[in-house]
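Survey of secondary and tertiary structure
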Amino acid sequence: MLDKIKDLRFFFYLIFVFLLPYNNLNLYIGFEIRKVVWFVWIILAIISFKSCFSIKCIKQFLYPLWLQLLFMACIGLYGHLRYFYSTTLFNYEVVLAILFLLMSINELKININRIQKVYNTFIISLGVLSIFAMLGIGLGINNEETGRLTIFGSNANDLGNWAVCAIVFCVYSLLHKCNLIMRIIFIIAIPLLLNLVASSASRGAFIFLLIVLCLFAITTNTTQKYKKMILFILFILIGYLSFIWIMSNELMRDRMISFITEEDTSGRNIIWSIGFSMIVERSICGWGINGYIQEMTTRYGEYRSMHNMFLEYWVTSGIVGLFLLCMFFYRFGRRVIKIRKVDNLPLILYTLVIMIALKTGGVQASLFFWFLISISIALSNSLILKSSK
């Protein structure tokens, strides 16, 4: 009976992964489909509590995150008592995201083959999304930056990041053993996903794509040097063709030119300047979440995220919170480097995670962000366990 519940739980987890890019897709009765699936998945997880909430293999990653949340709560309480900020102690969406990380890793640790099913599901999800974009279904335009593609109300930068991640999974699968049908699906999916990157006009996603392609060329393990050279040249060629394809999009081309010639960062330089001035004033313990929101609104005119996870943690929880965050990424990085010669996907995902954290707003509450981390950690743990036997 318990095994059937676990299989059903994993089925709902796959549905949830498929729906990650569809966070604004609602049912007719007003509920988000993803939230309904999330609720069912949690209920099934509670029924089989021990197997889904175990911290045995990942406590070294969770402890810094939990300590950071506890410290943030203390800063929030102090801000409320001293400066009369509102009583929100920490970002509850981050709590849910860390819970998702724990549950996701436990889903994937049961069987290493499950990881392949998960990223195949994500590829299919983004492939469907790109087809919707081509057909004009759910299509919209970003109001802040006219012309940037959104689908079902998603952020254009998120759209680009999702597509790059799906391309990473496609390339990785093509380099490893998979059946002919799946290879055909991946080959067809890559042009669709490249078109999605171009349509999002996300400069960051475009740069991420080029970097991960280079990483694939450098880190893909092969015993024969001539194969390594052929692989490297092949990736350079793919990168160049991707560059030509994506830059053929007029909006993407204009945004890249403005970034190079005018140092246009979409206002990030101003936000970061304000952030550093706030850090100077309270560098040890930070402003807390509500203190940061109020102070940013006062100095900038409206609330804006730092668009940098490390900087935002420094502002809100000071050098203590930043240290705890860096401890998490240090332990995470040490784990993926340990098995880089066995499998390069965890290292590539780790690099992608760091790049996203450095330029994306509110990423600490993004389930997609923690989804990438969960795959990287779960695959690393599985490979280490396999090699130790």
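For clarity, every value in this text was computed on a predicted model and none was experimentally measured.

1. So, the overall build of the protein chain
A tally of regular secondary structure across the protein chain gives 16 helices and two strands. Counting every position in the protein chain, which comprises 389 residues, the buried fraction comes to 53%. Here the protein chain displays about 18800 Å² of accessible surface, and carbon together with sulfur accounts for 67% of that area.

2. Focus: the packing of aromatic side chains
All told, the structure shown has 23 aromatic pairs when counted by the stated rule. With centroids separated by 6.2 Å and ring planes inclined at 90°, the aromatic side chains of Phe-122 and Phe-169 adopt a geometry described as edge-to-face. Highlighted residues: Phe-122 in helix H6 (residues 112-135) and Phe-169 in helix H7 (residues 156-175), separated in sequence by 47 residues. With respect to burial, Phe-122 and Phe-169 carry one shared label: buried. Taken together, a centroid distance of 6.0 Å and an interplanar angle of 40° make the contact between Phe-328 and Phe-332 tilted. With a gap of four residues between them, Phe-328 and Phe-332 both fall in helix H14 (residues 309-338), about one helical turn apart. Accessibility classification places Phe-328 together with Phe-332 in one group, the buried group. Put simply, the rings of Phe-310, Phe-328, Phe-329, Phe-332, Tyr-350, Phe-369 and Trp-370 pair up and form one aromatic cluster. Arg-114 extends its terminal NZ or CZ atom over the ring of Phe-10, reaching a point 4.0 Å from the ring centre.

3. As for H7
Each full turn of the α-helix corresponds to 3.6 residues, which orients residues three or four apart in the same direction. Here H7 is 20 residues long and its end C-alpha atoms lie 29 Å apart, about the 28 Å a rise of 1.5 Å per residue gives. Among the 20 residues of H7, 17 are classified as buried, and the element is accordingly described as predominantly covered.

4. Things to note about helix H15 (residues 345-359)
Under the 1.5 Å per step criterion, the end-to-end length of H15 is 22 Å for 15 residues, consistent within 8% with the ideal 21 Å. For H15, the tally of buried residues reaches 13 of 15 residues, placing the bulk of the element in the interior.

5. Structural notes on the nonpolar core
In a soluble, globular protein the nonpolar side chains are often hidden away together inside. By size, the foremost hydrophobic cluster in this structure holds 106 residues, and its most contacted members are Phe-122, Phe-169 and Phe-371. When sequence neighbours within four positions are dropped, the list of residues in contact with Phe-122 reads Val-17, Leu-20, Pro-21, Trp-162, Cys-165, Ala-166, Phe-169, Phe-368 and Phe-371. Counting residues in each nonpolar core, the second largest holds ten residues, with Trp-287, Tyr-292, Met-296 and Leu-311 among its members.

6. Remarks on the environment of Pro-64
Following the sequence through the fold, Pro-64 ends up in helix H4 (residues 59-83). Since its relative accessible area comes to 1%, Pro-64 is described here as buried. Considered as a pair, Pro-64 and Leu-325 are 261 residues apart in the sequence and their alpha carbons are 6.7 Å apart. Apart from residues lying up to four places away in sequence, Pro-64 is in contact with Leu-324, Met-327, Phe-328 and Arg-331.

7. Concerning the side chain of Ser-380
Note on placement: Ser-380 falls in helix H16 (residues 367-388). Classification of Ser-380 as buried rests on a relative accessible area of 0%.

8. Focus on the packing of H7 against H15
Running from N to C, H7 and H15 cross one another at 170°; their axes reach a closest spacing of 11 Å. Compared by their axis directions, H7 and H15 come out roughly antiparallel. Together, Asn-157, Asn-161, Val-164, Cys-165, Val-168, Phe-169 and Tyr-172 of H7 and Leu-345, Ile-348, Leu-349, Leu-352, Ile-356 and Lys-359 of H15 make up the contact between the two elements. Class assignment for the residues of the contact of H7 with H15 results in ten nonpolar, two polar and one charged.

9. With respect to the pattern of salt bridges
Where charged atoms from two side chains of opposite charge approach closely, those side chains can pair. This structure, assessed with the given rule, holds five salt bridges. Between Arg-9 and Glu-107 there is a salt bridge, and its shortest N-O distance comes to 2.6 Å. Within this pair, whereas Arg-9 is found in helix H1 (residues 2-18), its partner Glu-107 is found in helix H5 (residues 92-109), the two being separated by 98 residues in sequence. Of the residues examined, Arg-9 reaches a relative accessible area of 0% and is grouped as buried. With a closest N to O distance of 2.8 Å, Arg-299 and Glu-295 form a salt bridge.

10. Remarks on the environment of Val-171
Checked against the element boundaries, Val-171 lands in helix H7. Remark: the alpha-carbon pair of Val-171 and Phe-216, spanning 45 residues in sequence, is separated by 8.5 Å. Apart from the residues within four sequence positions on either side, Val-171 is in contact with Ile-190, Phe-216 and Phe-235.

The rules behind each value
Residues numbered from 1 in each chain as written. Predicted model: local features only at pLDDT ≥ 70, side-chain atom pairs only at ≥ 80, totals over all residues. Heavy atoms only, no water. Helix = DSSP H or I, 4+ residues; strand = E, 2+ residues; numbered from the N terminus. Buried < 20%, exposed > 50% of the residue type's maximum accessible area, 1.4 Å probe, protein only. Areas by Shrake-Rupley, 256 points an atom, 1.4 Å probe, with all protein chains shown as cover. Phe/Tyr/Trp six-rings, centres within 6.5 Å; stacked < 30°, edge-to-face > 60°. Lys NZ or Arg CZ within 6 Å of the ring centre and 35° of its normal. Expected span 1.5 Å × (residues − 1). Core = buried A, V, L, I, M, F, W, Y, C linked by side-chain atoms within 4.5 Å. Contact = heavy atoms within 4.5 Å. Axes fitted to C-alpha atoms, helices over the stretch in contact; angles between N-to-C directions. Parallel < 35°, antiparallel > 145°, perpendicular 65-115°, else oblique. Nonpolar A, V, L, I, M, F, W, Y, C, P; charged D, E, K, R; others polar. Salt bridge = Lys/Arg side-chain N within 4 Å of Asp/Glu carboxyl O.

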